[in-house]
Amino acid sequence: MSHPIVQKVRAAGVVGAGGAGFPTHVKLNAKADTFLVNSVECEPLLYKDKELMRLQAARMVEGLRLAMDATGAARGIIALKAKAHDAIAALEPHMMGPLSLHPLDNYYPAGDEYCVVYECTGRVIPAGGIPLQVGCVVSNTESLVNVALADQGLPVVQKALTVAGEVANPSTFIVPVGISAREVIHMAGGATVDDPVLIDGGPMMGPCITDLDAPVTKTSAGWVVLSRQHKLAMRKLAPEHQRVRIAKASCDQCVMCTELCPRYLMGYAIEPHKVMRMVGFAGEQHDQWGRHGLLCCECNICEYYACPEDLTPRSMCVRAKGAWSKKGKWPPHLEGLGRIHPMREARRVPVSRLVHRLGLTQYDVPAPFRDFAYEPPRVRLMLKQHLGAPAVPMVAEGQKVAMAQVVADVPEGKLGAPIHASIDGRVARIDETSIWIERK
Ligand code: SF4
Ligand code: SF4
C-alpha cells in the first residue's frame, strides 16, 4: 500500500520543478535504497535551487525525509555545487543520521541525472535506463520543498525562478504560476535591450522563445534575457533546415564532439561525430541513420563547446532520436566503451569557460532572492505543465475560483498531475491549451 504522502503529493500537483515535469507522486510510489536530491543546478546563470536551499533548507529536508519514508530509502544524499557555500551552511545543521551532502565541482553538466547518480553512488544507470534500475530515486530541490508543502495540504501555485541576462536587476523570485515572462522581467527592473528574447530554462539546454507573454509553469527554472542579436539567441533560433545544412557543410571528423561528450565519457554508446558523418554521406534515409546519437542527453557540450567549426552535432542527435521515435521502434543499444573513460575527470568542462564561450561573461553575476509583492491581474494556467496527458478543465468560463482550487486534472489512470488556481478570480477563458483566470 502507498505511503499517505503519495496521495497528498498527487493531490497537490507536485511535478519535477526543473525539467520535464515528471509527476512526483509516481517517483514516491517506487521502492529504492537511496533518495538523491539533484540540487546541482549546473546551467550557467541560474540560482533558484541554491536560493531555495539557503532560505528553505528545513522545508526541503522535511520533504526529503517524507520522500525517503515513502520509498523506503535508507539514505538521502543532496548533490549540490561545492561553491554554494551559503546553501551548504543552511543545510549542514540538518545533516544527521542517513542524510548527507555531496558537493560537486563547478563543471557542466554535473546535474545530468546519470552523472549525479554515478558521482553520489558509484552506480552506472543502464543505457537508456532510469535511476530506479540502480536503486535510486532522484528528485529536484523545489519538488521536495513542494512535497513538504503538500504534506500540509498546500498545492503548487507558486514557482521559484531566476531572471538573468539583459535585465536591470538579475534576481530570483517566487511568483504565482501563470504570470507572464513580461511581468517577471518587469519585477527584475525591466529589459535593458530593445529586442529581448528569452532562453527558457538555462543557456545550454533551454530553447529560445520570442513571446514575452509566455506564462510561468511548474517547470520554469529561469529565463536568461538576451538581445535577439546575441549569438546564442541567433543559434537557438536558427531554423531546422539551416542546422541540417550546417551539419552537412564542413565536418572534418576531428572527433572532438565525441571526445568531450559526457555520456560517451561515462562509457555509453554515443558518438556524435558518426552521426555527423552519416548526415554528410549516407544520409538520413539510411536504415542505420543516427544510431550513434540515440543515447544523447541533449546537453549541448558538443554543439556549443566542443566543435571547433560551430557545427550542429547535438541537433543531429536530436533529429535522429525524433526519426526513430516516428518509426515507432527503437533499435537495440549499440555497444559502448562499457566502462568509465579514463580521461573523464580531465575532460570536465568548467562552467566559467563555458560562460565565456557562450558570450555570457557580462551576465555572470549573482541573482539573489528578492521578495516582491505582486498581485497579477490575470494568470494563464497551461493544461500541460507535466510529463504525461494534458489536464482536463474542471471549471467553466465565468466560474468564480479560489486560489488553490483544482481547475484541471488528468483523467483517471493517466500519467500527470492536477492544476490549481494560483489567484482568486473568475475563469475568463478556456481553450485547448490553457485556462485564463482574471482577478476579481
Ligand atoms: S548533446 Fe552532444 S555532448 Fe551532449 S550528450 Fe548529446 S551528443 Fe553528447
Ligand atoms: S567536433 Fe565538429 S568538426 Fe569535429 S567531428 Fe564533431 S561535428 Fe565534426
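Definitions and limits used
Residues numbered from 1 in each chain as written. Chains lettered and ligands numbered in written order. Predicted model: local features only at pLDDT ≥ 70, side-chain atom pairs only at ≥ 80, totals over all residues. Buried ≥ 20, exposed ≤ 12 C-beta atoms within 10 Å, placed from the backbone. Helix = DSSP H or I, 4+ residues; strand = E, 2+ residues; numbered from the N terminus. Pairing = 2+ DSSP bridges. Near = placed C-beta within 6 Å. Nonpolar A, V, L, I, M, F, W, Y, C, P; charged D, E, K, R; others polar. Core = buried A, V, L, I, M, F, W, Y, C linked by C-beta atoms within 7 Å. Contact = placed C-beta atoms within 7 Å. Domains from an automatic or database assignment.

Undergrad: Can you walk me through the pairing of strand 1 (residues 34-39) in this structure?
TA: Each regular strand shows side chains that alternate between the opposite faces of the sheet. The buried fraction of strand 1 amounts to 6 of the 6 residues, a majority that puts the element mostly inside the structure. Judged by which residues are buried, strand 1 turns out to be covered on both faces: Thr-34, Leu-36 and Asn-38 on one side and Phe-35, Val-37 and Ser-39 on the other are all buried. Where strand 1 lies against strand 2 (residues 75-81), 6 bridges are found, and the strand directions are parallel. Bridged to Phe-35 within strand 2 is Gly-76. Bridge count for strand 1 against strand 5 (residues 136-140) is 5 bridges, and the pairing is parallel. Bridging across to strand 5, Thr-34 finds its partner in Cys-136.

Undergrad: For this particular structure, what's the right way to read the site of ligand 2?
TA: Close contacts around ligand 2 come from 14 residues, with Cys-251, Cys-254, Cys-257, His-273 and Cys-307 the closest. The set of elements that each furnish at least two residues to the shell around ligand 2 consists of helix 11 (256-259) and helix 13 (272-280). Per-class residue counts for the shell around ligand 2 are 10 nonpolar, 2 polar and 2 charged.

Undergrad: Honestly, the pairing of strand 17 (residues 425-430) in this entry has me stumped. Any pointers?
TA: Examined bridge by bridge, strand 14 (residues 400-401) and strand 17 share 2 bridges and lie antiparallel to one another. Paired with Lys-400 across the strands is Arg-426, a residue of strand 17. In this sheet, strand 18 (residues 434-438) lies alongside strand 17 in antiparallel orientation, the contact comprising 4 bridges. Looking across to strand 18, one finds that Arg-429 is bridged to Trp-436. Hairpin connection of strand 17 to strand 18: 3 residues between the antiparallel strands.

Undergrad: I tried to follow the nonpolar core on my own but got confused; where do I start?
TA: Generally speaking, nonpolar side chains in soluble globular proteins are found buried as a group. Counting 139 residues, the largest nonpolar core has Leu-36, Ala-79 and Val-184 as the members making the most contacts within it. Examining the composition of this core, we find that 8 residues originate from one element, helix 4 (residues 57-71), more than from any other. Dropping the residues within four chain positions of it, Leu-36 is found in contact with Ile-77, Ala-79, Val-116, Val-117, Cys-120, Cys-136 and Val-138.

Undergrad: I would appreciate a short explanation of the domain arrangement of the protein in the present structure.
TA: How big an interface is tends to be expressed through the accessible area that disappears when the partners come together. What the domain assignment reports for the protein is domain 1 (4-151), domain 2 (157-230 + 359-374), domain 3 (240-350) and domain 4 (377-440). The C-alpha-based centres of domain 2 and domain 4 are spaced at 23 Å. Counting residues at the interface gives 9 residues for domain 2 and 11 residues for domain 4. When its residues are assigned to classes, the side of domain 2 that touches domain 4 shows 5 nonpolar, 3 polar and 1 charged.

Undergrad: Any chance you could explain the site of ligand 1 here in plain terms?
TA: Taken together, 14 residues surround ligand 1, and among them Cys-261, Cys-296, Cys-299, Cys-302 and Arg-314 come closest. Contributing elements (two or more residues each) for the shell around ligand 1: helix 14 (301-306) and helix 15 (313-327). Along the lines of polarity and charge, the residues of the shell around ligand 1 split into 10 nonpolar, 1 polar and 3 charged.

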